[in-house]
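Each chain, written out:
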Amino acid sequence: MPDQTSPGTLLSHLRARPPLVHCITNFVAMNIAANVLLAAGASPAMVHAQEEAGEFAAIAGALTINIGTLSSGWLRGMETAAIAAGQSGKPWVLDPVAHYATGFRRAAVDRLLELGPAVIRGNASEIIALAGGASRGQGVDSRDGVEQAEESARLLARVHGATVAVTGVVDFVTNGERAARIEGGSALMPQVTALGCSLTCLVGAFVAVRPDAPFEATVAALATFAVAGETAASKADGPSSFSWRFLDALAGLDASLLDRHARLRCA
Amino acid sequence: MPDQTSPGTLLSHLRARPPLVHCITNFVAMNIAANVLLAAGASPAMVHAQEEAGEFAAIAGALTINIGTLSSGWLRGMETAAIAAGQSGKPWVLDPVAHYATGFRRAAVDRLLELGPAVIRGNASEIIALAGGASRGQGVDSRDGVEQAEESARLLARVHGATVAVTGVVDFVTNGERAARIEGGSALMPQVTALGCSLTCLVGAFVAVRPDAPFEATVAALATFAVAGETAASKADGPSSFSWRFLDALAGLDASLLDRHARLRCA
Amino acid sequence: MPDQTSPGTLLSHLRARPPLVHCITNFVAMNIAANVLLAAGASPAMVHAQEEAGEFAAIAGALTINIGTLSSGWLRGMETAAIAAGQSGKPWVLDPVAHYATGFRRAAVDRLLELGPAVIRGNASEIIALAGGASRGQGVDSRDGVEQAEESARLLARVHGATVAVTGVVDFVTNGERAARIEGGSALMPQVTALGCSLTCLVGAFVAVRPDAPFEATVAALATFAVAGETAASKADGPSSFSWRFLDALAGLDASLLDRHARLRCA
């Protein structure tokens, strides 16, 4: 039976009072991430400039920061926003895209981590490297399995006092104490660019709904993605017909059915 | 019967001599806005850098400026382009996305308004706030109805000598003297990100066709959107299948039928 | 019969060992270009900042540079990346979008050309102007036919020691000595924004597979696009249903059938 923090319950709450989600994400992800948030029922806003990112973070229900197409100017906006989110008690989500690839990226993530994200979402290669492990990552795709990243995720969660999500074939979420695995989705999902980045934004939407329960909010976002992905995959002929069916499925996802279809296990 | 400035007539002219439309729009909107212009029959060009925005504005048939993902560098490009458009007698269209949200955004819109847009297009919350009223807007979505913004639109139109379009369930357009309402579209349209921003670019395309008749050009762009939206909605299963059907419908829209299907009323 | 550098053979190699392709492309193209690379089987990475573009270019298998939405900051990143690619022996591809339109753009392309691209891909107006001819280009669309650009392409290829591809109704590729024409595709392709820019990125993927054979790699990329385009067009109702069918067709393209369906001629 659904409890007060089940995926279906949180999705209902999200739709009843659509949270304003402040997203600083990469150029590849912006359009599809905004469409993912709208389909789920949230209100996205893409605001990155240092001149206003702090002011806006204080208005929004949550902030998400993704370093996909990073530059110095954007990094200043990210830091400004994360600091303002912290000062106004708003949770924020970090997506450390391919942070291992260059020195610029590694230094950026180090600075952002110090600003206290409530949730960190990455693929296995990213999470392993973030915890100081030997990741096989090179570009933006993961070259490691989720199960290889579980200990790294637990370590990161404890060190930073954050919820950490490793997404892949079976997702893994932990806050250092509790952990869960989420099954579902589709093998077509990694073939659609920026779906992972969009999921980070959706985590932001759920965390805005329940800032007091980032672990459950993250699980709910991942379960929502997984169920919508399964629904879409059943009729898709390839990655791009999957993509639009996925957004349709997300928009049409019945919150009360979500709990029945979500495949969650304690880990 | 269609007259010389009916939507169908203007769409025929647009397709007969595709205008080059210089768009400075936000990162979320760029791809779909370009596809909207191509589907309608226009030639889009996204050019924002201060180093060339002025030179390009003088080449193009019209300019559109949207402050969605604003930064200082882009604002300089916008001002340079708007000044050049003014000097070369080209009309330009302003889309003041969520200008009420931050001080940076409010100051930017104040400066752009001084540069004399031919058309201003926004949602009700944006238009109300732009006219100095008490808008309920917070993020990028409107929280006010179009009918609440009508007086603000008339005021803005008179003060700035511009055509003002308020888009929503039923659109409202005025040049301070005349006014029209356009029905149509679909409830799925606000669920697709950046369709409003794309409409701003399409207004630019129609204004390039008839720079001497910005009111009629704006009405034509809105009617085109509304009819294509209705066509697409009849077969859509959700926001994303609506999105691609909308672009297909726009590309297949019969200019001679447009006048029959457009639902315009003087206001 | 397929030889060692036929399109089908190269596509098989690409999928067997997905190359990491470093793309510096415009804001309109980023999402669809990444999806094109993923559908073909390559691994895209969009990295533009001067602070890391050089470091990343040395990691990647190939680099692509597209000046679509140029600015000074991005130009510095492009130059840094092209220099690093040269120093580490990685091939790079230049897409001189509408370089004739402004002085800023012309100067940028002059500097990039000096950095030795392995391949230059453009439409006819771009290639004619790049060779110093009288192009009819104005915005980003070509106003000249491919056949008018063939001599310009041969000249450019010889002067710069590069492979030059002119894409249009029938594509033309030359390295100054040899030349080929590729038929196929669809009249809907120019109605989808940034497909040409995406093709430039795909050329990068093929050149990463065979950096020793840029002419054959370019032909293979163009043939892949042409065959996927024909497949998609057979069921499309307009530009946007073509767009997603095209990505599905690219993902489902049988490498062994590609050689049978590709329509190549020596020129």
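*Asks:* Hey, could you run me through helix H4 (residues 72-87) of chain C in this one?
*Replies:* In an α-helix, one turn spans 3.6 residues, which is why side chains three or four residues apart end up on the same side. Residues and elements named next belong to chain C. Along its 16 residues, H4 runs 23 Å from first to last C-alpha, staying within 8% of the 22 Å computed at 1.5 Å per residue. In this structure, the buried residues of H4 make contact with strand S1 (20-24), helix H3 (50-59), strand S3 (62-66), strand S4 (92-95) and helix H5 (103-113). Once H4 finishes, glycine 89 follows within two positions and takes phi at roughly 70 degrees, a positive value.

*Asks:* In this structure, what is going on with the relation of the copies chain B and chain A? I would like to understand it.
*Replies:* The second copy of the chain is related to the first by a rotation about an axis and a shift along the axis. Mapping chain B onto chain A calls for a rotation angle of 120 degrees and an axial translation of 0.0 Å; the resulting RMSD is 0.0 Å. The symmetry that links the two subunits is that of a three-fold axis. It is phenylalanine 27 of chain B whose C-alpha, among those of chain B, lies nearest the rotation axis, at 3.8 Å.

*Asks:* Help me understand the interface of chain B and chain A in this model?
*Replies:* For interface size, the figure often reported is the accessible area lost on association. Across the boundary between the two partners, chain B contributes 28 residues, which contact 23 residues of chain A. Secondary structure elements with two or more residues in the side of chain B that touches chain A: helix H2 (30-40), helix H5 (103-113) and helix H10 (239-252) of chain B. With four residues, H10 of chain B is the single largest residue contributor to the side of chain B that touches chain A. In terms of residue class, the side of chain B that touches chain A is built from twelve nonpolar, 13 polar and three charged.

*Asks:* Is there a simple way to think about the sheet that holds strand S7 (residues 171-174) of chain B in this case?
*Replies:* Pairing between the strands of a sheet comes from backbone hydrogen bonds, and it takes one of two forms, parallel or antiparallel. Residues and elements named next belong to chain B. With mixed pairing, nine strands are arranged side by side in an open sheet as S2-S1-S3-S4-S5-S6-S7-S8-S9. Since the sheet does not close on itself, it has two edges, and those belong to strand S2 (43-46) and strand S9 (263-266), each with one partner. When the angles between neighbouring strand axes are averaged without regard to direction, this sheet yields 20 degrees. As defined by bridge partners, strand S8 (residues 179-183) adjoins S9 across four bridges and the pair is classed as antiparallel. In the strand pairing of S9, alanine 180 is matched with cysteine 266. In this fold helix H3 (residues 50-59) packs onto strand S1 (20-24), S2 and strand S3 (62-66), with an angle of close to 150 degrees to the strand it touches most, S1.

*Asks:* Is there a simple way to think about the packing of helix H8 (residues 195-209) of chain A against helix H9 (residues 214-233) of chain A in this case?
*Replies:* Axes are the key here: two packed helices are described by the angle between their axes and the distance separating the axes. Residues and elements named next belong to chain A. Between H8 and H9, whose axes approach to 8 Å, the crossing angle comes to 135 degrees. Regarding the angle of H8 to H9, the classification is oblique. In the packing of H8 onto H9, the handedness of the crossing is right-handed. Contacts between H8 and H9 involve Leu199, Leu202, Val203, Phe206, Val207 and Val209 from the former and Pro214, Ala217, Thr218, Ala220, Ala221, Thr224 and Phe225 from the latter.

*Asks:* Just to check I follow, could you spell out the interface of chain C and chain B for this structure?
*Replies:* Taken together, the contacts link 28 residues of chain C with 23 residues of chain B. Elements with a contribution of two residues or more to the side of chain C that touches chain B: helix H2 (30-40), H5 and helix H10 (239-252) of chain C. No other element matches the four residues that H10 of chain C contributes to the side of chain C that touches chain B. The class makeup of the residues in the side of chain C that touches chain B is twelve nonpolar, 13 polar and three charged.

*Asks:* Explain helix H4 (residues 72-87) of chain B here, please?
*Replies:* Of the positions making up H4 of chain B, those classed as buried are Trp74, Leu75, Gly77, Met78, Thr80, Ala81, Ala82, Ala84 and Ala85 of chain B. Against the buried residues of H4 of chain B lie S1, H3, S3, strand S4 (92-95) and H5 of chain B.

*Asks:* Please explain the sheet that holds strand S4 (residues 92-95) of chain A as it appears in this structure.
*Replies:* Residue and element names in this part refer to chain A. Strand order in the open sheet made by the nine strands is S2-S1-S3-S4-S5-S6-S7-S8-S9, with mixed pairing throughout. Either end of the sheet is taken by a strand with one partner, and the two such strands are strand S2 (43-46) and strand S9 (263-266). Strand after strand, the sheet turns through a mean of 20 degrees between neighbouring axes, direction not considered. Of the pairings in the sheet, the one linking strand S6 (residues 163-166) to strand S7 (residues 171-174) comprises three bridges and is antiparallel in character. By the bridge assignment, alanine 165 is partnered in S7 with valine 173. Sitting on the sheet, helix H4 (residues 72-87) touches strand S1 (20-24), strand S3 (62-66) and S4, and the angle it makes with S3 is about 150 degrees.

Calculation criteria
Each chain has its residues counted from 1, running along the sequence as written. Each chain gets a letter, beginning with A, and each ligand a number, beginning with 1, in the order they are written. The model is predicted, so local features are restricted to residues of pLDDT at least 70 and side-chain atom pairs to those at 80 or more, both for listing and for counting; the totals for chains, interfaces and linings are taken over all residues. A helix here means a DSSP run of H or I that spans at least four residues, while a strand means a run of E at least two residues long, and both kinds are numbered starting from the N terminus. By definition here, a helix of n residues has an expected span of 1.5 Å times n minus one. Residues are scored as being in contact if the C-beta atoms we place from backbone atoms lie within 7 Å. Here the copies are superposed with least squares, the fitted atoms being C-alpha atoms of residues at a pLDDT of at least 70 in both. Think of it as three bins: nonpolar holds Ala, Val, Leu, Ile, Met, Phe, Trp, Tyr, Cys and Pro, charged holds Asp, Glu, Lys and Arg, and polar takes everything else, Gly as well. Being paired, for any two strands, means DSSP has found at least two bridges between them. To obtain each axis, a line is fitted to C-alpha atoms, and for helices this fit is confined to the stretch in contact; angles are then taken between N-to-C directions over 0 to 180 degrees. If an angle is under 35 degrees, it is roughly parallel; if it is over 145, roughly antiparallel; if it lies from 65 to 115, roughly perpendicular; otherwise it is oblique. Working rule for handedness: look at the near helix, and if it is turned counterclockwise from the far one by less than a right angle, call the crossing left-handed; if clockwise, right-handed. Residue burial is a threshold on neighbouring C-beta atoms within 10 Å of the residue's own C-beta, all placed from the backbone, with 20 or more meaning buried, 12 or fewer meaning exposed, and counts in between meaning partly exposed.

Nothing here speaks to function; it is all geometry.
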